[in-house]
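# Examining the three-dimensional arrangement
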Amino acid sequence: MKRILAVLVGPLLALVCASGHAQQDAATLTEQPEGDAQRGRLVFGPCRSCHFTDARAGHGNGPNLYRIFGKVAGKQAGFDYYSEPLRAAQFVWTPRVLDAWLAAPMQVLPGTTMMSPGVPDAAQRADLIAYLQLVSVRETDDAGEP
Ligand code: HEC
């Protein structure tokens, strides 16, 4: 038990100490800007030419993004155009992972076939992620786009 605690406490202490010395770094590690889904709907505009967010709409030029969080990357049935790196990917899409990727998709995942500059602005990425979370809790989008 002591050993487990040491394993857990070590990195935590390192984080706390780091935050004392370099608050900025710690903040960027632990904080994500609060996103606004309504603004995010507009940020998602350019993505819409390739991605649907309604489950029933299926895939477009890009895979469907309904309930994308929690899915293993590059594995959606019925989408046949994943790149090698995404096909082989072993990670799950979380808001944080998507945030990192969308900062510069082609640099972060060399070989991706997603021809998009992503969203370089961190606040806009947070808005976009909030929007994707919102559309994922809807049953359908019968009520129209939120
Ligand atoms: C020109 C079409 C296009 C645009 C624009 C585009 N995407 Fe994509 N997207 C793709 C393609 C193609 C893939 C598959 C990429 C691969 O396999 O490397 C993809 C993959 C993804 C995935 C991974 C899905 C999965 O099943 O693993 C996410 C998430 C995603 N895009 C989000 C976005 C967001 C958010 C935007 C807007 C900033 C965007 N995309 C813009 C075509 C596009």
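Presented here is a report on the structure given in the accompanying data block.

What counts and how
- Position labels on residues start from 1 in each chain and follow its written sequence.
- It should be noted that, the model being predicted, local features are given only for residues of pLDDT at least 70 and side-chain atom pairs only at 80 or more, the latter also being counted only at that level, while totals for whole chains, interfaces and linings use all residues.
- Calculated side-chain values reflect all of the structure's heavy atoms, with hydrogen atoms and water omitted.
- Definition of nearness: a residue and a molecule or strand are near each other if at least one heavy atom of the residue lies within 4 Å of the molecule or strand.
- Any pair of N or O atoms that falls within 3.5 Å is considered a polar contact. Within protein, one atom must be able to donate a hydrogen and the other to accept it, and sequence-neighbouring residues count only if both atoms are side-chain atoms.
- Each residue is assigned to one of three groups, with Ala, Val, Leu, Ile, Met, Phe, Trp, Tyr, Cys and Pro labelled nonpolar, Asp, Glu, Lys and Arg labelled charged, and all others, Gly among them, labelled polar.
- Runs of H or I in DSSP of at least four residues are treated as helices and runs of E of at least two as strands, each being numbered from the N terminus.
- With a 1.4 Å probe rolled over the protein chains alone, any residue whose accessible area is under 20% of its type maximum counts as buried; one over 50% counts as exposed, and the rest are partly exposed.
- Water is not part of the atom set, so a site may look incomplete; the donors themselves are N, O and S atoms within 2.8 Å of the metal, or 3.2 Å for Na, K and Ca.
- Irregular is the default label, applied whenever a site is not tetrahedral (four donors, all angles between 85 and 135 degrees) and neither square planar nor octahedral (four or six donors, opposite donors over 155 degrees apart, all other angles between 65 and 115).
- For Phe, Tyr and Trp, where Trp contributes only its six-membered ring, two rings pair if their centres lie within 6.5 Å, and the inter-plane angle classes them as stacked under 30 degrees, edge-to-face over 60, or tilted in between.

## Things to note about the site of the ligand
- Lining the immediate surroundings of the ligand are 26 residues, of which Cys47, Cys50, His51, Ser83 and Met114 lie closest.
- Here an oxygen atom of the ligand sits 2.6 Å away from a polar atom, N or O, in the side chain of tyrosine 82.
- For the ligand, an oxygen atom lies 2.8 Å from a polar atom in the side chain of tryptophan 93.
- Of the residues in the shell around the ligand, the class split is 17 nonpolar, 9 polar and no charged.

## Looking at the side chain of aspartate 99
- Relative to the helices and strands, aspartate 99 is located in helix α5 (residues 95-102).
- Note on aspartate 99: relative accessible area 18%, which makes it buried.
- A distance of 2.8 Å separates polar atoms of two side chains, one belonging to aspartate 99 and the other to arginine 125.

## As for the coordination of the iron atom of the ligand
- Protein-derived ligands of the iron atom of the ligand are His51 (NE2) and Met114 (SD), with the metal-ligand distances lying across 2.0 to 2.1 Å.
- One way to put it: the 6 donor atoms around the iron atom of the ligand meet at angles of 87 to 178°, and that makes the site octahedral. One end of the pair, histidine 51, is in the loop between α3 (37-43) and α4 (84-87); the other, methionine 114, is in the loop between α6 (105-108) and α7 (122-137), and 63 residues separate them in sequence.
- Judged by its relative accessible area of 11%, histidine 51 is buried.

## Focus: the packing of aromatic side chains
- For the structure shown, the criterion picks out 5 aromatic pairs.
- Relative to tyrosine 131, the ring of phenylalanine 44 lies with its centre 5.5 Å away and its plane at 45°, an arrangement referred to as tilted. Placement of phenylalanine 44 in the loop between α3 and α4 and of tyrosine 131 in helix α7 is noted, with a sequence separation of 87 residues between them. Per residue, the accessibility class of phenylalanine 44 equals that of tyrosine 131, and both read buried.
- Here tryptophan 93 and tryptophan 101 contribute two aromatic rings whose centre-to-centre distance is 5.2 Å and whose plane-to-plane angle is 40°, an arrangement assigned as tilted.

## What about unusual backbone geometry?
- Unlike most non-glycine residues, arginine 67 shows phi in positive territory, near 50°.
- One can find arginine 67 in the loop between α3 and α4.
- A residue is classified by how much of its surface remains accessible, and arginine 67, at 40% relative accessible area, is partly exposed.

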